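Residue-level listing of the chains:
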Amino acid sequence: MNRALPVVRLRVPTDEDAIAWHRVFDDPEVMEFHGGRSAELSVYEELTARQRRHDAELGFCLWTMVGEQGEVIGFTGAQPWPREWGPTGEIEIGWRLGREFWGRGYATVAARMTLERLRAAGVPSVVAMVRPGNERSIAVTKRLGMELAQTFPHPWLPEDALCFRLDLQDGYSK
């Protein structure tokens with residue numbers, strides 16, 4: 001079955017997007033692999049501010065995903081891996097969608113747009129860090145042509161984090 005891919009637009013996050021992200025991600029299912037509970041608004045205010053800095057300094061960031069009706073549906077993009085464990089020094093691609101937008105292809109379409117922007121910015125490769133059991137994100141990595149490259153012991157969970165990798169200099173994602 002072939003279905004039409006959704007239309008999505010990416011923009012640098014605004015101050016107002018912190019409120020939208022907080023609202024869209026205020027769902028235990030959305031946050032299952034991101035701490036299990038909703039984050040405070042201040043977390044998203046800091047995150048959107050950091051992404052604006054990344055865009056200004058690096059030419060890429062975690063962009064706000066905007067749907068066909070102009071609604072904020074989540075984010076996708078890339079940023080330097082922000083932790084002291086894992087793939088330090090690497091550029092991580094990531095995505096998070098509001099629950100009502102799952103299963104429609106938004107994450108894959110937006111992540112492919114991100115890969116094109118990263119190639120244009122001269123980024124040689126990306127990683128995606130995914131928790132075991134997050135089958136939706138693992139499926140997106142596979143649709144992008146990423147392969148499991150290694151695992152990292154998670155510093156505070158009893159599991160290894162999965163690190164998928166894609167070389168952006170060797171052609172295009174599938």
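Our subject is the structure listed above.
Residues numbered from 1 in each chain as written. Predicted model: local features only at pLDDT ≥ 70, side-chain atom pairs only at ≥ 80, totals over all residues. Heavy atoms only, no water.

K.L.:
Please explain the layout of surface pockets as it appears in this structure.
P.N.:
Remark: the empty space left among the atoms is shown by a probe the size of a water molecule rolled over them. The computed volume of the largest pocket comes to approximately 1400 Å³. When contributions to the lining of the largest pocket are tallied by element, the ones reaching two or more residues are α2 (41–58), β3 (72–80), β4 (91–97), α3 (106–120), β5 (125–130) and α4 (135–143). Of the residues belonging to the lining of the largest pocket, the class tally is 27 nonpolar, 10 polar and 12 charged. (1 Å grid on protein atoms, 1.4 Å probe; cavity = no way out; pocket = protein on both sides within 12 Å on 5 of 7 lines; lining within 4 Å. Points joined across faces, edges and corners; volume = space filled by probe spheres on them. Helix = DSSP H or I, 4+ residues; strand = E, 2+ residues; numbered from the N terminus. Nonpolar A, V, L, I, M, F, W, Y, C, P; charged D, E, K, R; others polar.)

K.L.:
Would you mind showing me how to read the nonpolar core here?
P.N.:
It is characteristic of soluble globular proteins that their nonpolar side chains tend to be buried jointly. Within the largest apolar cluster, 46 residues are counted, with the highest numbers of intra-cluster contacts made by Ile-93 and Val-126. Take this core: its biggest share by element is 7 residues, from α3. Once residues within four sequence positions are removed from consideration, Val-126 is found in contact with Ile-91, Ile-93, Leu-115, Leu-118, Met-146, Phe-164, Arg-165, Leu-166 and Leu-168. With 7 residues, the next largest nonpolar core counts Trp-85, Met-129, Phe-152 and Cys-163 among its residues. (Core = buried A, V, L, I, M, F, W, Y, C linked by side-chain atoms within 4.5 Å. Buried < 20%, exposed > 50% of the residue type's maximum accessible area, 1.4 Å probe, protein only. Contact = heavy atoms within 4.5 Å.)

K.L.:
What is the right way to look at the packing of aromatic side chains in this model?
P.N.:
Aromatic ring pairs: the centre-centre distance and the angle between the two ring planes describe each pair. Following the criterion strictly, the structure yields 7 aromatic pairs and no others. Taking the centre distance of 5.8 Å and the plane angle of 50° together, the rings of Phe-25 and Tyr-44 count as tilted. Remark: Tyr-44 occurs in helix α2 and Phe-25 occurs in the loop between α1 (15–24) and α2; sequence separation between them is 19 residues. By the burial criterion, Phe-25 is buried, and Tyr-44 matches it. Seen from their ring centres, Trp-85 and Trp-156 are 6.3 Å apart, and the 85° between their planes marks the pair as edge-to-face. Remark: Trp-156 occurs in the loop between β6 (147–153) and β7 (160–167) and Trp-85 occurs in the loop between β3 and β4; sequence separation between them is 71 residues. Take Trp-85: its relative accessible area is 17%, and that puts it in the buried class. Clustering of aromatic rings is evident, with ring pairs tying together Trp-21, Phe-25, Tyr-44 and Phe-75. Between Arg-96 and the ring centre of Phe-25, over which it is positioned, the NZ or CZ distance is 5.1 Å. (Phe/Tyr/Trp six-rings, centres within 6.5 Å; stacked < 30°, edge-to-face > 60°. Lys NZ or Arg CZ within 6 Å of the ring centre and 35° of its normal.)

K.L.:
Which parts of the structure should I look at to understand α1?
P.N.:
Three- or four-residue spacings in an α-helix give side chains the same orientation, since the helix completes a turn every 3.6 residues. When α1 is considered as a whole, its buried residues turn out to be Asp-17, Ala-18, Ala-20, Trp-21 and Val-24. Residues of α1 that are buried sit in contact with β1 (9–11), α2, β2 (62–66), β3 and β4.

K.L.:
How should the environment of Ala-39 be read in this particular structure?
P.N.:
Turning to its location among the elements, Ala-39 is positioned in the loop between α1 and α2. Separated by 14 residues in sequence, Ala-39 and Phe-25 place their C-alpha atoms 8.3 Å apart. Aside from chain neighbours lying at most four places away, what touches Ala-39 is His-22 and Tyr-44.

K.L.:
Please explain the pattern of salt bridges as it appears in this structure.
P.N.:
Between side chains of opposite charge, pairing is possible as soon as their charged atoms come close. For the coordinates displayed, the defined rule picks out 7 salt bridges. Residue Asp-15 is joined to Arg-52 by a salt bridge in which the shortest nitrogen-to-oxygen separation is 2.8 Å. Taken together, the residues Asp-15 in helix α1 and Arg-52 in helix α2 connect sequence positions 37 residues apart. Salt-bridge contacts for Arg-131 lead to Glu-159; the nearest nitrogen and oxygen are separated by 2.5 Å. With a gap of 28 residues between them, Arg-131 in the loop between β5 and α4 and Glu-159 in the loop between β6 and β7 connect regions that are remote in the sequence. A relative accessible area of 22% means that Arg-131 is categorised as partly exposed. (Salt bridge = Lys/Arg side-chain N within 4 Å of Asp/Glu carboxyl O.)

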